[in-house]
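Each chain, written out:
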Amino acid sequence: MTNRIDLAKKAPKVYRAMIALDAAAREGLDEQLAELVRIRASQLNHCAYCLNMHTVDARKGGETEARIYLLNAWQEAGDLYTEKEQAALQLTEAITVLSSHEYVSDEVYERAAKHFGEEELAQLIALIFTINSWNRIAVSTRKVPDVR
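Residues numbered from 1 in each chain as written. Predicted model: local features only at pLDDT ≥ 70, side-chain atom pairs only at ≥ 80, totals over all residues. Heavy atoms only, no water.

Asker: Could you clarify how one ought to interpret the confidence of the model for the chain in this entry?
Answerer: Mean pLDDT over the chain stands at 94; residues scoring 70 or higher make up 95%. Per-element averaging of pLDDT across the chain places helix 1 (residues 7–10) at the bottom with 94 and helix 3 (residues 31–44) at the top with 98. (pLDDT = per-residue confidence, 0-100. Helix = DSSP H or I, 4+ residues; strand = E, 2+ residues; numbered from the N terminus.)

Okay, structure coming up:
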């Protein structure tokens, strides 16, 4: 599999807008939590490029190997993730997998709202839809991670 079109070169205004959106979306959020959200969305979207990038970034930010490895099974991992992280991961899954019959249920939203103030929750939602956009860019252009 090889890369397709380079969005940064062929649609530079769109790419710069995505960079700006990404920077705005992560403002005020804990970076460790943000990386968990980015990794989980990338797992769900099968985005190898973003998955590689954000696991590397999470490690650099002090995230443990166990928490990265078990993120795909966070619900079964006991108290490895805080209640706040679990609420963020559940919201990430609900927003990312919109084909679910429940979409973003009131229960999922209220659980997140219990752990995040309104501004922080708004930023979290923005982070989630931003990483989903990046995933779709990388998957549709077949962006390949550099893991060598």
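Asker: Can you help me understand the pattern of salt bridges in this one?
Answerer: Counted under the stated rule, the structure contains 9 salt bridges. Arginine 67 is the partner of glutamate 63 in a salt bridge, and the nearest nitrogen-oxygen pair spans 2.5 Å. As far as burial versus exposure is concerned, glutamate 63 and arginine 67 are alike and both buried. A salt bridge links lysine 84 to glutamate 120, with the nearest nitrogen and oxygen atoms 3.2 Å apart. One end of the pair, lysine 84, is in helix 6 (residues 83–96); the other, glutamate 120, is in helix 8 (residues 118–140), and 36 residues separate them in sequence. Residue lysine 84 is classed as partly exposed on the basis of its relative accessible area of 30%. One continuous salt-bridge network, built from bridges that share partners, spans Glu31, Glu35 and Arg38. (Salt bridge = Lys/Arg side-chain N within 4 Å of Asp/Glu carboxyl O. Buried < 20%, exposed > 50% of the residue type's maximum accessible area, 1.4 Å probe, protein only.)

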